[in-house]
Structures are given as C-alpha cells and as structure tokens.
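# Summary of the model geometry
Take a look at the letters that make up each chain.
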Amino acid sequence: MKVARFYAPGDIRIEDTPEPAAGPGELKLAVRNTSTCGTDLKIFRHGHHHIDPPRVIGHEIAGEVVAVGDGVSEWAVGDRVQVIAAIPCGECDDCRRGWMTICPNQLSMGYHFEGGFAEYMIVPTNVLKVDGVNRVPDGVSFAEASVAEPLACVLNGQELARVGEGDTVVVVGAGPIGCLHVRLARARGAQSVVLVELNRGRLEMAAELVKPDAAICAADTDPVAAVLELTGGRGADVVITASAAGKTQEDALRMVARRGRISFFGGLPKDNPVIACDSNLVHYRELTIVGANGSSPEHNKRALELIATGAVPVADLITHHLPLEKVLEALDIVASGTAIKVTIEP
C-alpha cells in the first residue's frame, strides 16, 4: 500500500509499505478521506516533539472497516467510521471527571500511532477503549465525516465560551476553523457573527461561503474600532481567536463587552507565547478568558450529528480533493491560504 511518511522537517515521502494487520482489540480501515489542517503543515515544516519519525501523519480520518481484530464485537467489516484524533487514557483523575480534553496521558493519531495519510491503517485498542470510533450517519460522505474532528474541537471551544442565544460573536481567523466557528455559532443561536481576517483574499473566500453578518479585513481596518462601531460601542459578547497571533488575543480584550467571554482557541508559537494582558480590564469588566484544547470522543460523536442534521454544513468548505500521491501539493495549498479545507482521498 502507499503511505505519506514524515521523516524530518521538509521531508515527507510517498512510499510503498506492506499492509498492516489488525491485532487483538484493533480495527483495520481502508482510509477513504483524511483531511489536512494547519497542524500537518507545522509538522511538515518543523516536526513535533510527540512524533518520533518516521511516522505516517494525518489525523482527520474517515474510512471503512476491512478487518476486525480478536475481541472486537461492536464493529464489522463494511462499517463506515470516523476516528478521533486525540486519545485520552480514560483512567486518570481528569478523565474520570469527564475532562478528557486535558488528559495528561493523551496520545494522538498521526503522532504516537500511524495516521491516516495511507491507503490502510490500524485503529489501535487505545481508541476503541475510550469509544473513539464513531459510525458515520447515512447521508454523510467520508469527506464530510473527516471534518467531524476539527468541528469537534470547535464545539469544545464554544461550549467552554458558552456561545448561545442572542450573542454577538466575533471570530478572528478565516481559515477552516474560523469558518466552522461561524457556522456553529449560528447553530447555537448567535444573533450576529462577525468574521475578522488579515488576508483579504482569504476573508472574501470564507465570507462568500459562511456569510457572516460582517467581514472585517484587519489589514485595512482597526478590527477593535470596527467591532465597537458595529456594536454601538458595547463590544462583542464572545470573541474567539482562531489564529496563532498574540495580537489577536490582545485585541480580543479590547473588543469584548462587559461580562464578555474570550476563547483563546488558537495556540501561539512556542517561542513567543506571552501577550500583554490589561488585568484591570478583566477585573473591572468581569471578563472570562477560556482556553480550548482539542476535543473528546463525545465531542466527535456530536460533531457528526451536527453535520448529519445539516445544523453545521461542511461539504462546501472542502474546496480541494486530492489523491494520496499529492499530499505535498495539498500542504502547499494549505500554506498558500487559497483553500478552506483540503482533503486527501487515498
């Protein structure tokens, strides 16, 4: 079979390798779609401290069961499934409290285990143990199902930020995650959703698809002033920073309303993770700042339901479909900012 294997920063190779076999407690999948994300691009450029190369990467996975290992009774050959990316242990204090997204023993597909940029792959027993394989609902394509993983992360973030009825929500960042945030905020009852992006071309492409109530190009306009003007000086109820820039987090503190909530959804570069935070703004305005780290198996199940019911459409966000042999081209497209979502179809 063919795989895309990461060896070192700048070195991903398309290789032929023997098909794996499902061991006890495992599933073997024929991978139908593995979608790309910005993290794949970061791995390609810089590697990752959790990856001991060589490693098949790719973690937004959907496929068809082609073999079932001994001891697995809940799945059968032919089942259409989606697989979680972040794998909690299910046993630590945090997991027992239901806080699986912050499990200190978390493992990940495409990092600790071989990922989805392959024609076939093994779903390890660690995933099945925490109910991390989900049945793809009828009417949902494999490509759409592969987007359930990033949508699950978005769902976690919006639950922590308590996005709900009547809110004015600002989403900073018009990539695939930002687009999903816009659509989920609407599904959760937001009254108004504003999209902010530095790159005008990316903003226009995203806005055409997800139709925010307002689109602000931060290269041309001060986004803080624009949000305050749109809200009559009050500010937004919720600001979600879906970009890896400290300035967006600092701006969020200035554009959020009193008693507003801020989601630091996008992580910052490890060599520059510190921002300026006016603590008095947080204190006197009674602001809430929350982080958001990945998703739980339950978030993945609910993300699939949101896709299946049409509450959060994702098919039109997949702007590029490429074969496995063109993984490097896919990463170039992600880097260029000319796509929303790029999916690989082995």
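Coordinates for the structure precede this section.
Read on for an overview of the structure. The structure displayed is predicted, hence computed values, not measured ones. (Residues numbered from 1 in each chain as written. Predicted model: local features only at pLDDT ≥ 70, side-chain atom pairs only at ≥ 80, totals over all residues. Heavy atoms only, no water.)

## Describing the overall build of the protein
In terms of regular secondary structure, the protein is built from twelve helices and 18 strands. Taking 20 Å as the expected radius of gyration for a compact globule of 346 residues, we find that the protein reaches 20 Å, a close match to that expectation. Along the three orthogonal principal directions, the C-alpha set of the protein runs to about 60 × 40 × 40 Å. Across the 346 residues that make up the protein, the buried fraction comes to 54%. Summarising the internal contacts of the protein: among those between residues at least 6 apart in sequence, 69% fall at separations of at least 24. Put simply, the protein shows about 14,600 Å² of open surface, and 49% of that area lies on carbon and sulfur atoms. If the 32 positive side-chain charges of the protein are averaged to one point and the 44 negative ones to another, these points end up 4 Å apart. (Helix = DSSP H or I, 4+ residues; strand = E, 2+ residues; numbered from the N terminus. Rg over C-alpha atoms; globule rule 2.2 N^0.38 Å. Buried < 20%, exposed > 50% of the residue type's maximum accessible area, 1.4 Å probe, protein only. Contact = heavy atoms within 4.5 Å. Areas by Shrake-Rupley, 256 points an atom, 1.4 Å probe, with all protein chains shown as cover. Lys, Arg positive; Asp, Glu negative; His and termini not counted. Charge placed at Lys NZ, Arg CZ, Asp CG, Glu CD.)

## Some points on the packing of aromatic side chains
In total, this model carries zero aromatic pairs according to the counting rule given. The residue whose ring lies beneath Arg13 is Tyr7, and the NZ or CZ to ring-centre distance is 3.7 Å. Directly above the ring of Phe142 sits Arg80, whose terminal nitrogen or CZ lies 4.7 Å from the centroid. (Phe/Tyr/Trp six-rings, centres within 6.5 Å; stacked < 30°, edge-to-face > 60°. Lys NZ or Arg CZ within 6 Å of the ring centre and 35° of its normal.)

## Examining the packing of helix α5 (residues 148-160) against helix α11 (residues 297-309)
Contact pair α5 / α11: the axes reach a minimum separation of 8 Å and the direction vectors enclose 105 degrees. With respect to their mutual orientation, α5 and α11 come out roughly perpendicular. Contacts between α5 and α11 involve Ala148, Glu149, Leu151, Ala152, Leu155, Asn156 and Glu159 from the first element and His299, Asn300, Arg302, Ala303, Leu304, Leu306 and Ile307 from the second. In the contact of α5 with α11, the residues fall into eight nonpolar, three polar and three charged. (Axes fitted to C-alpha atoms, helices over the stretch in contact; angles between N-to-C directions. Parallel < 35°, antiparallel > 145°, perpendicular 65-115°, else oblique. Nonpolar A, V, L, I, M, F, W, Y, C, P; charged D, E, K, R; others polar.)

## Side note on the sheet that holds strand β16 (residues 288-291)
Sheet architecture is open: six strands sit in the order β13-β12-β11-β14-β15-β16, paired in parallel fashion. Taken across any chain shown, the strands that pair with only one partner, and hence form the sheet edges, are β13 (214-217) and β16. On average, each strand axis in the sheet is tilted by 15 degrees relative to the strand beside it, whichever way the strands run. Relative to β16, strand β15 (residues 256-264) runs parallel, the two sharing four bridges. What sits directly across from Ser263, in β16, is Val290. Seen against the sheet, helix α9 (residues 246-255) touches β11 (168-172), β14 (236-241), β15 and β16 and runs at an angle of roughly 160 degrees to β15. (Pairing = 2+ DSSP bridges.)

## Some points on the pairing of strand β5 (residues 60-68)
The pairing of strand β3 (residues 27-35) with β5 spans eight bridges and is classified as antiparallel. The partner of Ser35 across the bridge, within β5, is Glu60. Bridge count between β5 and strand β6 (residues 80-83): four bridges; the pairing is antiparallel. Bridging from a neighbouring strand, Ile61 pairs with Val83 of β6.

## Side note on the pattern of salt bridges
Tallied over the full model, the rule gives 23 salt bridges. In this structure, Lys2 engages Asp16 in a salt bridge whose closest nitrogen and oxygen atoms are separated by 3.1 Å. Note that Lys2 is positioned in strand β1 (residues 2-8) and Asp16 in strand β2 (residues 11-16), a separation of 14 residues in sequence. On the basis of relative accessible area, Lys2 is assigned to the partly exposed category, the value being 27%. On the basis of relative accessibility, which here comes to 63%, the residue Asp16 falls in the exposed class. Close ionic contact of Glu204 with Arg200 constitutes a salt bridge, the shortest N to O distance being 3.5 Å. One end of the pair is Glu204 and the other is Arg200, both in helix α7 (residues 200-210) and four residues apart, which spans about a single turn. Salt bridges sharing common partners tie together Arg5, Glu15, Arg55 and Glu114. (Salt bridge = Lys/Arg side-chain N within 4 Å of Asp/Glu carboxyl O.)

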